[in-house]
Amino acid sequence: MELSKNYLPTPIESKWYEHWLSKKYFSSKPDEREPYTVVIPPPNVTGVLHMGHCLNNTIQDILIRRARMQGKNACWVPGTDHASIATEAKVVAMLRERGIAKSSLSRDEFLSYAWEWKDKYGGIILQQLRKMGCSLDWDRTSFTMDPDYYDSVINVFIDLYKKGHIYRGKRMINWDVKAQTALSDEEVIYKEVQSKLYYIRYAIEGGNADNNNFGTTELTPNKDYITIATVRPETILGDAAICVNPTDERYIHLHGKYAYVPLINRKIKIIPDEYVTLDFGTGALKVTPAHDMNDYQLGNKYNLEVIDTMNDDGTMSEAAQLYIGEDRFEVRKKIIPALEAKGHIVKIEEYTNQVGFSERTDVVVEPRLSLQWWVSMKNLATPALDSVLNDDIHFHPAKFKNLYRHWMENIKDWCISRQLWWGHRIPAWYAPDGTYAVAKTAAEAVIEINKKAATSFSIEQIRQDDDCLDTWFSSWLWPFEVFKGLSNPGNEELKYYYPTNTLVTAPEIIFFWVARMIMAGHEYQHQKPFKDVYFTGIVRDKQGRKMSKSLGNSPDLLGLIDQYGADAVRFGIMIASPAGNDILFDESALEQGRNFNNKLWNALKLVKGWEDRIAVTTHNNQTNNFALDWFETRLNQVSIDVDAMLTQFRLSEALKTIYSLIWDDFCSWYLEWIKPGFEQPIDTEIYHKTIGYFEKLMQLLHPFMPFITEEIYHLLKPQSEDLCVKQYAPIASINTEILTGGELLKQVISSLRDARNKNQIKPKDTIKLHINTANVVSYHAIESILTKQVNAAEIFYTTSSVPNTIMVNVEKDQFFIEAEKQLDTAAMKASLIKDLTYEQNFLASVMKKLGNDKFVQNAKPEVIELERKKQSDAEARIATIEESLKSL
RNA sequence: GGGAGCAUAGCUCAGUUGGUUUAGAGCAUCUGCCUUACAAGCAGAGGGUCCGCGGUUCGAACCCGUGUGCUCCCA
């Protein structure tokens, strides 16, 4: 069979994915094996695959494939999130393109468009995950708005409400006065606007200013009046306080005093708070809790009155006292002359600021207080905090424990209502008089309402809440609801798969999602949802910027897979991504992955080329035994190391280790050592053992690069099973002596090659090698490897220096290279002196330690022992070098 | 404003409870090679004040303090 020059991934990848699917390797059913469960962080149903998904899902696939090969029942559950805000925004945009305004549609009409859209475009991302080789159990695909799931979300809302964990409360929202609807933050577009900054003076209680006529008397600033600056003068009618920085010397004497709001003469307090910046405006801030996010916070802190001066349509309300029923911008125009007439205006400045506009109607958004639904978090947080602090749930890396603790200890209540239609509709009903009830159906609600209300209402009179629940209010149920943990409580699958094993996610959603899943797990299953949480980093571009649409720096992942192959992409993203660290994505890592594929492919080609030349030989038996023993030991050692790394979630490091085992140890050393000469036969034992090693290497690498490893595994020899499900064999204990021998051999070869290089001996020119060693026997075992690797014609053993040769020292052994080449004794001497200096300095540092009484008294005996060994080794090396120098 | 974290080779990062040969890897760089698996390759080499300062210790990249610079999360 003819193998292509380079590895061509595309046809091979689709072939194997289809094969694995047809064999149902990814599908899992409860059985007697130990389960290993991972639930996918459900991507947005509208999403397309980006680098973040690629990283996250590659990691999950590595964990799942390894578990499967370890004999566990591996179950990886796929699915998507309805992503209320993002999806609704996309549907609205799609409708707009077709010339349909959301406001012209009924809720049901809008939702039917949304479902249509979801069925058409939703879940593309799941198809894309197949391209990456993800071994998900597709029969279990879930969606957060599946009928059962939807029901469970509503039931959880009702349950938490009944338990007293859900309540209604006020919150600042973005209000669109034209559409008369609340907007999510994402629907507000900030634009730079040329505004005016008005400086307005307020009379201070007990001063000489007449709030109704400032112009009449001589006034002293900050005694008779205080000046504030604002871009929204119409809101002064809602002022509840004036705030100054406590360190501001201009106002210290005014703390706790009162001032009067112009035009309406409301008495308001002057309060100190760090929130106010000293150098903006006059350093005095008017506080209007009903109409500004930050002022509302201040209002809460100081228990200020909330005076809502605006109606739903942007006109002034009765609470404003003046201009009732007139539009906010009209009032802004009118109020200035009114203030001027009474002498309140000090000056008016030009000012540029950011103003929020409605994405839908392009009118200025009004921050406004509104009744929203909240989850009280304190009780839910306690068990969720404990389970992480006491390591019932392990975070990787552990540094996120601190962050988690800090947040959970200062947790704030969760606002769960969203002014959207796409999502789980809040199961609350309102009667015209404001009485409300939480219930599954209108029929149940009307009964509840009539119990509470003064008059009796009919079912037609009550109206369901228009809002939907926050997306996270459904995804916090994900780890158990994908097994129908709520819709079918205590079922067999839930018992078998839950708690799941590992959650792989990004640290930026530790609070949005991870913490809340832990809470929901404890509340509804009385168990943690997962045992380990692996936090990935954020994938950034080469310059360290976040990937974003506007920067256009997100690579086209499917294009990259086409170009480099999925294995190469998986390699590239994993090779430098330790847990919790951001990844700077660079296409050169993908190239490295592709080159690695190619290296594997070529190693395969080499080995396949021997197939027709297998023979029983005695030739070089001893030498080849050394190569076999050494590589087998090395393979076992690395397998043990890799297993330990993966257990500790050090995935990147494990991959690097395997990469180096294959590229360096297997290809560069082992294969070169056993490679027969041109058209020479290969020993049958060597051949079959080499095939066996190659198989084991493919098995070790398979979780990281599933496609090429499966392909090579089958090309090595006819196989009765697939690598994908081949079980790892237990590893024999290892003989470290042979590893030391191998290291010495590598070092000798490298040093001799270096000497050849430096002395400009051409690769093709042979040398005669003389070895002065106390260990002749051990050199016999590696003699033929050495001969081949340094291109020696002959090897001699000697007990003294050989004149007119190039001298090389490795450890305690001396090597003399005899070549047809003029010797550069000066260079040789310089090199030896450099070595000598290094050794002498090293010895000096060791002697300094050993000469320190306190070190000898305090250090552990094994540490002292080690220092003594360093000393004797260094002394021996120095002696060897000095001897070489003398003979020059 | 509140909190968390990072700083080691040109770049990206390891360095596992302070001692394992005066700090390791990959990429990049330099030198020599088209050697019958692979130039997407082979063989070799060079490159570090472990951010600055102070402290603890027989011993610090690692622990403590402090300064500087950067990043992220929440508001």
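This report concerns the structure included in the present document. All values reported here derive from a predicted model rather than from experimental measurement. Note on numbering: residues in each chain are counted from 1, in written sequence order. Each chain takes a letter, starting from A, and each ligand takes a number, starting from 1, following the order in which they are written. Under the rules for a predicted model, residues below a pLDDT of 70 receive no local features and side-chain atom pairs below 80 are neither given nor counted, while totals for whole chains, interfaces and linings still include all residues. The side-chain numbers reported here are obtained from all heavy atoms of the structure, hydrogens and water having been left aside.

Attention shifts here to helix α9 (residues 378-389). Helix and strand assignments follow DSSP, with helices taken as H or I runs no shorter than four residues and strands as E runs no shorter than two, numbered in order from the N terminus. One fewer than the residue count of a helix, multiplied by 1.5 Å, yields its expected span. Between the first and last C-alpha of α9 there are 16 Å, a value that for 12 residues agrees with the 16 Å anticipated at 1.5 Å per step. For the exposure calls, accessible area comes from a 1.4 Å probe over protein chains only, and a residue counts as buried if that area is under 20% of its type's maximum, exposed if over 50%, partly exposed in between. Listing the buried residues of α9 in full gives Leu380, Ala381, Ala384, Leu385, Ser387 and Val388. One face of α9 carries all of its buried residues, which in axial projection span an arc of 165°. What points out from α9, more than 90 degrees from its buried face, is the exposed set Lys378 and Asn379. In this description, contact between two residues means that some pair of their heavy atoms is separated by no more than 4.5 Å. Packing partners of the buried residues in α9 comprise β14 (366-375), β15 (394-396), α10 (400-409) and α15 (510-525). Note that the arc is defined by the directions from the helix axis to the C-beta atoms.

As a further point, take the packing of aromatic side chains. Any Phe, Tyr or Trp ring, taking Trp's six-membered ring, that has another such ring centre within 6.5 Å forms a pair; planes under 30 degrees apart are called stacked, those over 60 apart edge-to-face, and the others tilted. According to the stated counting rule, one finds 44 aromatic pairs in the structure shown. With centroids separated by 5.3 Å and ring planes inclined at 40°, the aromatic side chains of Phe473 and Trp476 adopt a geometry described as tilted. Here Phe473 and Trp476 have matching classes, each one buried. Here the aromatic residues Phe626, Trp630, Phe631, Phe666, Trp669, Tyr670, Trp673, Tyr693 and Phe694 are joined through ring pairs into a cluster of three or more. Definition used: whenever NZ (Lys) or CZ (Arg) falls within 6 Å of the ring centre and also within 35 degrees of the ring normal, the charge is taken to sit over that ring. For the cation-ring pair, Arg65 lies above Trp20, with the distance from its terminal atom to the ring centre recorded as 4.6 Å. For the cation-ring pair, Lys452 lies above Tyr436, with the distance from its terminal atom to the ring centre recorded as 5.2 Å.

Moving on: the pattern of salt bridges. Here a salt bridge means any side-chain nitrogen of Lys or Arg lying within 4 Å of a carboxyl oxygen belonging to Asp or Glu. On inspection of all chains with the given rule, the structure shows 49 salt bridges. A salt bridge links Lys675 to Glu672; its shortest N-O distance comes to 3.5 Å. Judged by its relative accessible area of 33%, Lys675 is partly exposed. Assessed through its relative accessible area of 32%, Glu672 is described here as partly exposed. Where Glu811 meets Arg877, a salt bridge forms, and the shortest distance between an N and an O atom there is 4.0 Å.

This paragraph deals with the nonpolar core. Taken as a class, soluble globular proteins show a tendency for nonpolar side chains to be buried jointly. We define a nonpolar core as any set of buried Ala, Val, Leu, Ile, Met, Phe, Trp, Tyr and Cys residues linked to one another through side-chain atoms lying within 4.5 Å. Phe395, Tyr404, Phe473, Trp476, Tyr670 and Leu786 are the most contacted members of the largest nonpolar core, which totals 185 residues. Among the elements that take part in this core, helix α20 (residues 651-674) stands out by supplying 14 residues, more than any other. Residue contacts for Leu786: discarding those within four places in its chain leaves Leu745, Val748, Ile749, Leu752, Leu769, Ile771, Tyr779 and Ile795.

Turning to the side chain of Lys726, a few remarks are in order. Structurally, the position occupied by Lys726 is in the loop between α22 (706-716) and α23 (736-758). Owing to a relative accessible area of 19%, Lys726 belongs among the buried residues under this scheme. For Lys726, the contacting residues outside a window of four places in its chain are Met69, Gln699, Tyr713 and Glu721.

For the rest of this paragraph, the subject is the packing of α23 against helix α24 (residues 776-789). Running from N to C, α23 and α24 point in directions that differ by 35°, and their axes come no closer than 11 Å. Here the hand of the crossing between α23 and α24 comes out right-handed. Listed contacts from α24 to Leu744, Leu745, Val748, Ile749, Leu752 and Arg753 of α23 are Tyr779, Ile782, Ile785, Leu786 and Gln789. Taken together, the residues that form the contact of α23 with α24 break down as nine nonpolar, one polar and one charged. Orientation is described by axes fitted as lines to C-alpha atoms, over the contacting stretch for helices, and by angles from 0 to 180 degrees between their N-to-C directions. Throughout, a crossing is termed right-handed when the near helix is turned clockwise from the far one, and left-handed when it is turned anticlockwise from it by less than a right angle. Note on residue classes: Ala, Val, Leu, Ile, Met, Phe, Trp, Tyr, Cys and Pro are nonpolar, Asp, Glu, Lys and Arg are charged, and everything else, Gly too, is polar.

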